[in-house]
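# Working through the structure, step by step
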Amino acid sequence: MRYGRQDGREEHTHVEEQGTADRLNKSAGKVTREKKSKKKFVAPIKSQVPVKDIKYPLKIFEDASCKEIEDADIVNKEIFITLIFSNGSCQLSGRRTDAACCGEGLMMCLDETFYYFKGSSAVTDVLGKTMSSNQLICYDAKAIIKYLFSFGRDVQQFQFLDVKVAGRLVSPGQCPETFSDLCEQVSAIPRYTLATECPLQRAAWHVTLMKAAWETLKATMTNDGLYELFVGTEMKVLPILADMEQRGVCVDVDGLEAMGEVVKTRMKEVEEECYRAAGKHFQINSAPQLRAILYGDLKLDQKCNITVRKTTAKGDKSTSEDVLRSLMKVHPLPGLILEYRHLHKAHSTFITGIAHHVVNGVVKPTWDQTAAVTGRISSSNPNLQAIPKTFNLVLFPRDGADPVPLRFRSVYRGRAGWRLVAADFKQVECRVLAHAARDEHLEQALRSDDLFTDLAARWLEKPGREVSGRDRERTKRLVYAGLYGAGARTLADILQLPQGQLEEVIHSFDRTFPSLKRFCEGVWSECSRDGGRVSTVGRRTRTFPNISSDDAAMRAQARRQAVNFIIQGSAAELCKRAMCECVAGLRRAGVAGRLLLAVHDELVWEVAADEVPRAADIIKWSMESCGRQLGLQVPLPVALYTGHSWGDLEEYTSGVASVLTFTTEAIKTNK
């Protein structure tokens, strides 16, 4: 619509009245049309940005004859670059809506001149030499890297500087969806727009906006001490993520379908049990129908003598998981509903949700380093990070029966002639916490065979052999609740404790490990003094304006988030650094191995079968060295696992790691 209505409600009323009159007249054998009222013209708002008739100097290359670039011998310059798509748009214009729209060429800006290299024949060694000799500033570098991959171009020597990643690093609380949003974020507002509709000229105009945004972002990162993190870690991760997306993960489609049938069969069984328990058929996924049965027909809230909380949107009685769990003791239906939801979610997420993305037996998720404020890498379309190690087909086993597990990860396999090698940091967040809090008890516990059994024994003052599984689990949850910033209500739900007893447990835990509480208080104090700003071990920063708020709830939330940011953000930087070091180590050694998955603290590699021992040792040594590079005083042990599928990995041990460490250190010393 070009122009807005002055009063949409009046127009709607007029149409309703006209329709009523037509129906009445039609019933009398005639139809009369009343003249509609004329809409009042509302002039469009004029743009405040002036239009200029500017033509940028532009040279187009469609073949290998880029003699001008070769003779110029351009080195150590900032080259601004964007990908041009087949519909004429570029990465910066935000108009690429067609999923089938693909990259068609690269536009580069050297000084004040623009060059367009169209098609595969223009991506020559000369262009590659120019790109490898300069800094490449762009928006969404992954797309450009994948475009170059499609022509077999190696980007190992290219130095990309991504303004999209820089924008998130400077303002982690904001995540601009488009380049236009980024420009607004850094106040790189266009002073004019172009009169021409020529796609290449408009792309050149957008590149000038990117130059202005980059100047602001570079200055900000330098002033805030973020530039080293940006170049040394974030930009080195980019080509690794692009390679992960390009390569993808092999999926056993038949195995996936077989698991789907198992889950569907179990869902059907639970569905029939739900109908028998309710005494009639109903739509299990319908909240209104379920509400009517639970609180109308069965009156379970009255039988439990509880007041069910209301939904925020409509004020209806809730059918959430915690409410259903509270009703399980008086009737089987709530537990069966939870069983059904458990299965339904697994089927839609881990079976059909994955199958939709499998092409020729391979799934290629998107890996994003800007989605999480802590810097963690996330996975989407589909989210392979969410796939559990084991899935219990029966949520509430009856009569003491053992749970029936399904291994959804077993359908993700290495290619023929390749094996998977998984490397997992052991309790990396706890180790970061031990370093930051300088907690001697926690450091000692980290050196024991079982961290949480040792902590539970210290807390409960009993020998380790007397620590029960429940003691260990409760200790583990208390530690991670502090790491992840869980509030009192969340912690009470996790531990299934009343508020009074929860406070006693927390106080007891704090008395045993006082340095952990002192660490949190130190973070809050420093954050308040520094204008709400906190930093990770890698110098990633975030500001919490509400850290000194008069509102107790907002202040408490900011405090939890500040502690969580330091711990999780530091762990994320360790994992990113590990990715970079491992890739570099494997490349230097000439070992055929590529990263497939980054699941928080676990990295999963695909390695040529005959090179698993060498690859495993390089990966282990590289990961365990990352802590020292970031100044951590605690060890970072890594557990290794190998196998043909992600779900059937076996622990891998080797004595070569110590030899490798000695050799590498000797080389460094000689250098």
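Shown above is the structure to which this text applies.
Residues numbered from 1 in each chain as written. Predicted model: local features only at pLDDT ≥ 70, side-chain atom pairs only at ≥ 80, totals over all residues. Heavy atoms only, no water.

On to the overall build of the protein. Of the regular secondary structure elements, the protein holds 23 helices and 23 strands. The burial tally for the protein puts 46% of its 671 residues in the buried class. In the protein, of all internal contacts separated by at least 6 residues, the share reaching a separation of at least 24 is 67%. Surface exposure of the protein reaches about 34700 Å², of which carbon and sulfur atoms provide 49%. (Helix = DSSP H or I, 4+ residues; strand = E, 2+ residues; numbered from the N terminus. Buried < 20%, exposed > 50% of the residue type's maximum accessible area, 1.4 Å probe, protein only. Contact = heavy atoms within 4.5 Å. Areas by Shrake-Rupley, 256 points an atom, 1.4 Å probe, with all protein chains shown as cover.)

Within the largest apolar cluster, 129 residues are counted, with the highest numbers of intra-cluster contacts made by Leu 333, Phe 408, Tyr 412, Met 579 and Trp 605. With 15 residues, the single largest contributor to this core is helix H21 (residues 552-589). Ignoring any residue separated from it by four or fewer positions in sequence, one finds Trp 605 in contact with Arg 419, Leu 420, Val 421, Met 579, Cys 582, Val 583, Leu 586, Arg 594, Leu 595, Leu 596 and Ile 619. Counting residues in hydrophobic clusters, the runner-up holds 68 residues, among them Phe 61, Met 108, Leu 127 and Leu 136. (Core = buried A, V, L, I, M, F, W, Y, C linked by side-chain atoms within 4.5 Å.)

For the structure on display, the rule yields 32 salt bridges. The shortest N-O distance in the salt bridge between Glu 269 and Arg 266 comes to 3.3 Å. Taken as a pair, Glu 269 and Arg 266 lie in helix H9 (residues 253-278) at a separation of three residues, close to a single helical turn. Given a relative accessible area of 41%, Glu 269 falls into the partly exposed group. On the accessibility criterion, Arg 266 (14% relative accessible area) is buried. (Salt bridge = Lys/Arg side-chain N within 4 Å of Asp/Glu carboxyl O.)

Aromatic rings considered in pairs are described by the distance between their centres and by the relative angle of their planes. Following the criterion strictly, the structure yields 16 aromatic pairs and no others. A ring pair is formed by Tyr 147 and Phe 151, whose centres lie 4.8 Å apart and whose planes are at 85 degrees; its orientation type is edge-to-face. Classification of Phe 151 as partly exposed rests on a relative accessible area of 34%. Where Phe 158 meets Phe 160, the ring centres are 6.1 Å apart and the plane angle is 55 degrees; that geometry is what we call tilted. As far as burial versus exposure is concerned, Phe 158 and Phe 160 are alike and both buried. Counting every residue linked through ring pairs, the aromatic cluster contains Phe 61, Tyr 115 and Phe 117. Over the aromatic face of Trp 418 sits the side chain of Arg 247, whose NZ or CZ is 5.1 Å from the ring centroid. (Phe/Tyr/Trp six-rings, centres within 6.5 Å; stacked < 30°, edge-to-face > 60°. Lys NZ or Arg CZ within 6 Å of the ring centre and 35° of its normal.)

Moving on, we get to the pairing of strand E17 (residues 418-425). Looking at chain direction, E17 and strand E21 (residues 602-608) are connected through seven bridges and run antiparallel. Paired with Ala 422 across the strands is Val 604, a residue of E21. Direction of pairing for E17 relative to strand E22 (residues 638-643): antiparallel, over a ladder of six bridges. Within E22, the position partnered with Ala 423 by the bridge is Leu 640. (Pairing = 2+ DSSP bridges.)

Spatial ordering of the open sheet is given by E2-E5-E4-E3-E6-E7, a layout of six strands whose pairing is mixed. Each having just a single partner strand, strand E2 (58-61) and strand E7 (159-162) make up the two edges of the open sheet. Neighbour-to-neighbour, the strand axes of this sheet turn through a mean angle of 30 degrees, independent of strand direction. Pairing of strand E6 (residues 135-138) with E7 involves four bridges; the strand directions are parallel. (Axes fitted to C-alpha atoms, helices over the stretch in contact; angles between N-to-C directions.)

On the basis of which strands lie adjacent, the open sheet formed by five strands has the order E20-E21-E17-E22-E23 and antiparallel pairing. The open sheet has two edge strands with one neighbour each: strand E20 (593-599) and strand E23 (650-652). Strand-to-strand twist across the sheet, computed as the mean angle between neighbouring axes with direction ignored, equals 30 degrees. With respect to the sheet, helix H8 (residues 227-247) is in contact with E17, E20 and E21, its orientation differing from that of E20 by roughly 95 degrees.

Remark: helix H14 (residues 428-437) packs on helix H20 (residues 514-529), axes separated minimally by 9 Å, with the N-to-C direction vectors making an angle of 80 degrees. Judged on the interaxial angle alone, H20 and H14 are roughly perpendicular. Across from Leu 433, Ala 436 and Ala 437 in H14, the residues of H20 making contact are Ser 515, Leu 516 and Phe 519. Taken together, the residues of the contact of H14 with H20 sort by class into five nonpolar, one polar and no charged. (Parallel < 35°, antiparallel > 145°, perpendicular 65-115°, else oblique. Nonpolar A, V, L, I, M, F, W, Y, C, P; charged D, E, K, R; others polar.)

Bringing helix H18 (residues 488-495) into the picture now. Here H18 has its buried residues at Leu 491, Ala 492 and Leu 495. Down the axis of H18, the smallest arc covering the buried residues is 105 degrees, so these residues share one side. Where H18 ends, the next residue or the one after it, Gln 496, has phi of about 55 degrees, a positive value. (Arc of directions from axis to C-beta.)

What follows is about the environment of Ser 535. Mapped onto the fold, Ser 535 is located in strand E18 (residues 533-535). Judged by its relative accessible area of 32%, Ser 535 is partly exposed. Filtering out sequence-adjacent residues up to four positions away, Ser 535 remains in contact with Arg 540, Thr 541 and Ile 566.

Turning next to the side chain of Asp 243. Looking at the secondary structure, you find Asp 243 in helix H8. Classification of Asp 243 as buried rests on a relative accessible area of 17%. The residues contacting Asp 243, other than those within four sequence positions of it, are Phe 149 and Arg 594.

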